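Listed here are the chains, written in short residue letters.
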2 protein chains.
Amino acid sequence: MQIFDTTLRDGAQREGITYSVADKLAVARLLDQFGVGFIEGGWPGAVPKDTEFFERARTELELQNALLVAFGSTRKAGVAAADDAQLAGLLAAQTPVVCLVAKSDVRHVERALRTTREENLAMVADSVNHLRAHGRRVFVDCEHFFDGFRFDPEYTASVVRTALDAGAERVVLCDTNGGMLPSQVSKAIAELVERLGVSPESFGMHAQNDTACAVANTIAAVEAGVRHVQGTANGYGERPGNADIFAVVANLQLKLGMTVLPDGCLEQMAHVSHAIAEIANIAPDSHQAYVGSAAFAHKAGLHASAIKVDPALYNHVDPAVVGNDMTILVTEMAGRASIELKSRELGLDLAGLPDTLSKVTHRVKELEAAGWSFEAADASFELLVRQSLGEQTTPFTLESYRVIVEHREDGAVVSEATVKLRVRGERVIATAEGNGPVNALDQALRQALERHFPQLTGLELADYKVRILAGSHGTDAVTRVLVETVDTDGRDWTTVGVHENVVEASWRALVDALAYGVAAAGGDRKVRSRR
Amino acid sequence: MQIFDTTLRDGAQREGITYSVADKLAVARLLDQFGVGFIEGGWPGAVPKDTEFFERARTELELQNALLVAFGSTRKAGVAAADDAQLAGLLAAQTPVVCLVAKSDVRHVERALRTTREENLAMVADSVNHLRAHGRRVFVDCEHFFDGFRFDPEYTASVVRTALDAGAERVVLCDTNGGMLPSQVSKAIAELVERLGVSPESFGMHAQNDTACAVANTIAAVEAGVRHVQGTANGYGERPGNADIFAVVANLQLKLGMTVLPDGCLEQMAHVSHAIAEIANIAPDSHQAYVGSAAFAHKAGLHASAIKVDPALYNHVDPAVVGNDMTILVTEMAGRASIELKSRELGLDLAGLPDTLSKVTHRVKELEAAGWSFEAADASFELLVRQSLGEQTTPFTLESYRVIVEHREDGAVVSEATVKLRVRGERVIATAEGNGPVNALDQALRQALERHFPQLTGLELADYKVRILAGSHGTDAVTRVLVETVDTDGRDWTTVGVHENVVEASWRALVDALAYGVAAAGGDRKVRSRR
């Protein structure tokens, strides 16, 4: 089975993604670590950045598993392959493999390419021959294959046949507009095999997600005998995107029992997925299949007791196999069992402490009834458990704070906060400005604490979420604030605060965030990094 | 074909979603507008909020297309159905249809439910009989059907058989852990039909997205003869979520040619999808199949001209059919044509004023680039258009404001705001307290204006939503505030404000809200009620 990744070529079509050459090299290393067989790096000659990528790759990339692939198109109409600048650019990239896109829908040949059916076939044959003559392995992407095959099966099949006869190692059937369903993919491939009398193993599959079936369409193609699949990291791509190569690979390996990656690679999947998202500067989708942070999250409640007995009853695969882990969400439906489970996950065993367990369960229910939510706020939950265990978790006592927001005559908007605390018996007063009331409070609080807790300097407020509960009451509704904090080691944790006053709600979340940070830096906490 | 939506029950399991009862009513109205046949509203009796939802639904919901469904479970082990409090709660909800979840995997029966195979069958039979005897239509969700059928086909089939014999209208085959692939779904359904000798039309399909195949698995079930499909808006749900009902329905109608919605409903899809995302307070996924703002996005360049010649060559369906648009915009708003259209909708004809139209278009693009969104803020958009027409829309000029939030030594949290304005040439200073900074500002502003604009006394702040944009920067990110205002005649309008400071962002939305209210009360506006 050939696992062909096009994150750096087709995947880069996703609006908002712009990789630097260094980014592309980093992504290629991650994909190689994940164990794909082919990495399509871009279109050398046509895109300057891609030309540079292939140049630098020769000296800077040491790939263990993957071969680099240069992408390009068949020669221009009416030009000899040997004289085609674009094909020359592909050879200049010096990759062992070239992937050529060819038009295979006669309507696109005539209306978009504006040439004849015959010339298009000649363009395919000449281009493949030319690259083969220069020792390249050649794959041919048949653009709009499925739409073309439905409209004019004979012509579309003749393009496939021409590519194979010219020496293409694989002809990739592309659902370029993404409109197919799995059953239609199976049927089309069976008809093509029938018509050409060749093995489906000479075909590849390239699916787009416009019907939300890209992964399923790819799996259907494999079940129809195809032995080359294309996809992109996290399904990045134009429109709804491409087939998510992570879901495709995991399904092939874990659901169909095919070994398509080198040993130990599948366990890299979640990490590689998140790392590539970071480089693409796209927030990881917490609900992504297999790799999302919530992919194995359970709102325990009723089920918790059973999950405790046998997690396999509630997970379709063992999360560890794809480098992910199971999370228990503490929610409205939380019972003793799930809270015990959650505490254990955080390294606090309440099994032997029924009274504490009851106290925590009662407290959680009470707080959640008041609008708190611990399902996304592990750190606040852990602090709550530790308080119930008699720990003093907040490293200071608040005397008072004041926040002022002014819109001045000159139009300037300024925020200023003053906090008065007792830290280790000493009274501290600190004032700071910020670009908003919460930012000002955060600055003032850090200022007040930093002399006693230098480790706070390393903490950064990574995300701040506000949700108005019981929305029907307008501004007098209860406000829930979630604060995500990151430390210098990249560990992160989330805390929650609730109050009818958004500033006080934010204050409570900030206090938990720093309290947890102080303890975490002490190293006596197993802070879980989101990667 | 039965289209069964469970956005409000299973979909609400998604991490981070917490609907108020008002939210649930609003979502139900949108789903009905989309034309689904069944809306599962929650678990009355077990979840207080859901009990209230069904109560209020009886008087506040007028559904055109859908029937309300109450969700619950089979009776407790060892309790007569008539004595089962949970079943009583389902009847008390007074819905025409009840959906019962039953265990159908013997491992879950024995380890999670901790009862016998026989008692579980009796629980199914008794519960269905009991509800049927009270005149309810009954659907039975067979939890963990596919895993159970693989492990012990005979027992799992006996649960299905028992439910059908007891009078269940449909038995829904649930891939609760979400581990299935389409081919496995087809195979299992064929085996079940074979084993029970019943028509597949008596079955339903409930898919989860853990293999990224939820939509495809649902389609596969329909191709296997199933005639009841369950899904959620935007695929919201636990872990990677449920089958996205929008993609499922669009695939059934546009790809398999089945008519599953009333005429005119499919065109509502994109709007309903985005509106539900707003209520759930989840940023819409721009890459979502069919409804995403980028679902029909095309990179300009080579293709552009060909696209103009024949868009059909590049779109798998006509975007208008699902209420989407091929012109790629962050919101539905930023094009000249759409702005002209929108203005006309608000009673302002810009057709004859090309310069004004350009000015507004430019301004909207500018503001949306800075994080504003007029999709949900008609009132702010109308004020913007009227300003471009030279109208003085704000009935005062701001000199300055100051908001103070204090957390005092005694623990009390107080908010106070002072505004200084010029109203009709007169300088006004007003100070007010509130339970939060925004509420205090709102009170002070009204106080300052009410003598000149008594109609403001009738205005109520109905909803207040905060979204942090570019979250990666924590509290220094840009904040977008949406304010919904209602007047005494029940007319409502929404305004928007954006600023890095949440207080200033709220101020801007408040000013628009009152400015619009002053004008609206004047009666020269066709204020549209959102519901």
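Residues numbered from 1 in each chain as written. Chains lettered and ligands numbered in written order. Predicted model: local features only at pLDDT ≥ 70, side-chain atom pairs only at ≥ 80, totals over all residues. Heavy atoms only, no water.

Per an unreviewed UniProt entry, chain A carries the name Citramalate synthase and comes from Catellatospora citrea. Entered under Sequence similarities (unreviewed entry) in the UniProt record, the comment concerning chain A runs "Belongs to the alpha-IPM synthase/homocitrate synthase family." (UniProt positions renumbered as here; feature names shortened; annotations may be inferred.)

Undergrad: Hey, could you run me through the pairing of strand β10 (residues 413–423) of chain B in this one?
TA: Across a regular strand the side chains alternate sides, sitting on one face of the sheet and then on the other. Residues and elements named next belong to chain B. Note that strand β9 (residues 397–407) and β10 share ten bridges and pair antiparallel. What sits directly across from Ser400, in β10, is Lys420. Where β9 hands over to β10, the hairpin turn is made up of five residues, of which Gly411 adopts a positive phi near 90°. Inspection of the sheet shows β10 paired to strand β11 (residues 426–434) by nine bridges, in the antiparallel sense. Paired with Val419 across the bridge in β11 is Ala430. (Pairing = 2+ DSSP bridges. Helix = DSSP H or I, 4+ residues; strand = E, 2+ residues; numbered from the N terminus.)

Undergrad: Could you clarify how one ought to interpret the interface of chain A and chain B in this entry?
TA: Think of interface size as the accessible area that goes away when the parts come together; that is how it is often given. Counting residues at the interface gives 102 residues for chain A, matched by 105 residues for chain B. Across the interface of chain A and chain B, roughly 8,100 Å² is buried in total on both sides, 54% from carbon and sulfur atoms. Applying the counting rule to chain A against chain B returns zero salt bridges. The tally of links from chain A across to chain B stands at 23 residue pairs in polar contact (both at pLDDT 80 or more). Among the elements that take part in the side of chain A that touches chain B, strand β11 (residues 397–407) of chain A stands out by supplying ten residues, more than any other. Per-class residue counts for the side of chain A that touches chain B are 43 nonpolar, 32 polar and 27 charged. Of the strand pairs in this sheet, β11 of chain A and β9 of chain B are connected by seven bridges, and their pairing is antiparallel. Looking at β9 of chain B, one finds that Val403 of chain A is bridged to Val405 of chain B. (Contact = heavy atoms within 4.5 Å. Buried area = accessible area lost by both parts, 1.4 Å probe. Salt bridge = Lys/Arg side-chain N within 4 Å of Asp/Glu carboxyl O. Polar contact = N/O pair within 3.5 Å; in protein donor to acceptor, adjacent residues only side chain to side chain. Nonpolar A, V, L, I, M, F, W, Y, C, P; charged D, E, K, R; others polar.)

Undergrad: I would appreciate a short explanation of the sheet that holds strand β5 (residues 137–143) of chain A in the present structure.
TA: One key point about sheets: their strands pair by backbone hydrogen bonds, in either a parallel or an antiparallel sense. All names here are of chain A. As summarised here, the arrangement of the eight strands in space is β1-β2-β3-β4-β5-β6-β7-β8, forming a closed barrel in which the pairing is parallel. Ignoring strand direction, the axes of neighbouring strands in this sheet form an average angle of 25°. Taken together, the two bridges between strand β7 (residues 203–207) and strand β8 (residues 228–231) define a ladder with parallel strand orientation. What sits directly across from Met205, in β8, is Val229. Across the sheet, helix α5 (residues 117–133) lies against β4 (97–103) and β5, angled at about 175° from β4, the strand it touches most. Strands in contact with helix α10 (residues 245–255) are β1 (2–5) and β8; relative to β1, the strand with the most contacts, it is inclined by about 170°. (Axes fitted to C-alpha atoms, helices over the stretch in contact; angles between N-to-C directions.)

Undergrad: How do you make sense of the packing of helix α1 (residues 21–34) of chain A against helix α11 (residues 269–280) of chain A when you look at a structure like this?
TA: Two packed helices can be described by the angle between their axes and the distance between those axes. All names here are of chain A. Between α1 and α11, the shortest axis-to-axis distance is 10 Å and the interhelical angle comes to 170°. Taken together, the axes of α1 and α11 lie roughly antiparallel to each other. Facing Asp23, Ala26, Val27, Leu30, Leu31, Gln33 and Phe34 of α1, the residues of α11 in contact are Met269, His271, Val272, Ala275, Ile276 and Ile279. Of the residues belonging to the contact of α1 with α11, the class tally is ten nonpolar, two polar and one charged. (Parallel < 35°, antiparallel > 145°, perpendicular 65-115°, else oblique.)

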